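# Tertiary structure, described
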Amino acid sequence: MSEVPGETNLQSGDPGKAPEPEENELQAWLDWFKHAASAGGDLAKLARMELSLAVGDTKRIILLALLAIPLAVLTWVGLSALLAWLVYIPTQSVSGAIGVFIAVQVIPLLIIAVSIKRYRKSWEFAATREHLKAFKEGAESAAQTTD
């Protein structure tokens, strides 16, 4: 058998005889199915690899969320203290100190939020999606050329 798509192997009959059109079309379809199976296997392998990356990033997101819980609690406590001081002693600058305390808690929360957003991109399976799109476009162009 030939490994080149569109090429046929004449096993029987007259060596000078041209292959039948049905044989050419059948061989083209068989070659297309071989390539489709190979591409499908590659796509499955790529999806498995991206899934393992996404699982790793999911663990990081969970860890970052667990780190955010105590910071959120401290921020709430700081905000509560600020509001209490603003009501209780409106003319002193203790509220400025408490405001700084809150800012110190909010800044790490913002850093964690940015990190979660960055790790969440692995959930999109970008490379798998691009590969599947290219495969679909190739299949559509192959279907148009055989019609």
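Calculation notes
- Residues numbered from 1 in each chain as written.
- Predicted model: local features only at pLDDT ≥ 70, side-chain atom pairs only at ≥ 80, totals over all residues.
- Heavy atoms only, no water.
- Helix = DSSP H or I, 4+ residues; strand = E, 2+ residues; numbered from the N terminus.
- Buried < 20%, exposed > 50% of the residue type's maximum accessible area, 1.4 Å probe, protein only.
- Contact = heavy atoms within 4.5 Å.
- Areas by Shrake-Rupley, 256 points an atom, 1.4 Å probe, with all protein chains shown as cover.
- Salt bridge = Lys/Arg side-chain N within 4 Å of Asp/Glu carboxyl O.
- Phe/Tyr/Trp six-rings, centres within 6.5 Å; stacked < 30°, edge-to-face > 60°.
- Lys NZ or Arg CZ within 6 Å of the ring centre and 35° of its normal.
- Lys, Arg positive; Asp, Glu negative; His and termini not counted.
- Polar contact = N/O pair within 3.5 Å; in protein donor to acceptor, adjacent residues only side chain to side chain.

The secondary structure content of the chain amounts to three helices and zero strands. Helices and strands appear in the chain in the N-to-C order α-α-α. Counting the 147 residues in the chain, one finds 17% classified as buried. Sequence separation of 24 or more characterises 73% of the internal contacts of the chain that already satisfy a separation of 6 or more. Here the chain has roughly 11000 Å² of accessible surface; of this, 68% comes from carbon and sulfur atoms.

In this section: the pattern of salt bridges. Per the counting criterion, the structure on display carries one salt bridge. For the salt bridge of R60 with D57, the shortest nitrogen-to-oxygen distance reads 2.7 Å. Within this pair, R60 and its partner D57 are both found in helix α1 (residues 21-88), separated by three residues, close to a single helical turn. With a relative accessible area of 40%, R60 lands in the partly exposed category. For D57, a relative accessible area of 13% corresponds to the buried category.

If you check the backbone angles, F125 has positive phi at about 50 degrees while not being a glycine. Tracing the sequence through the fold places F125 in the loop between α2 (94-120) and α3 (126-146).

Geometrically, a pair of aromatic rings is defined through the distance of the ring centres and the angle of the planes. Tallied over the entire structure, the rule returns three aromatic pairs. With 6.1 Å between their ring centres and 75 degrees between their planes, W29 and W32 make a pair best called edge-to-face. Placement of both W29 and W32 in helix α1 is noted, with a separation of three residues, approximately one turn of the helix. A cation over a ring is seen here: R118 above Y119, with NZ or CZ 4.8 Å from the ring centre.

Within the fold, I102 resides in helix α2. Placed 21 residues apart in sequence, I102 and A81 show a C-alpha to C-alpha distance of 9.6 Å. Every residue in contact with I102, bar those within four places of it in the chain, is listed here: T75, G78, L79 and L82.

For the rest of this paragraph, the subject is the side chain of E50. Relative to the assigned elements, E50 resides in helix α1. Look at E50: it is buried, it has no salt bridge, and the nearest opposite charge is R129 at 7.9 Å. Polar contacts involving the side chain of E50 include one to the main-chain amide nitrogen of A127, which spans 3.4 Å. Residues within four places of E50 in sequence aside, it is in contact with F125, A126, A127 and T128.

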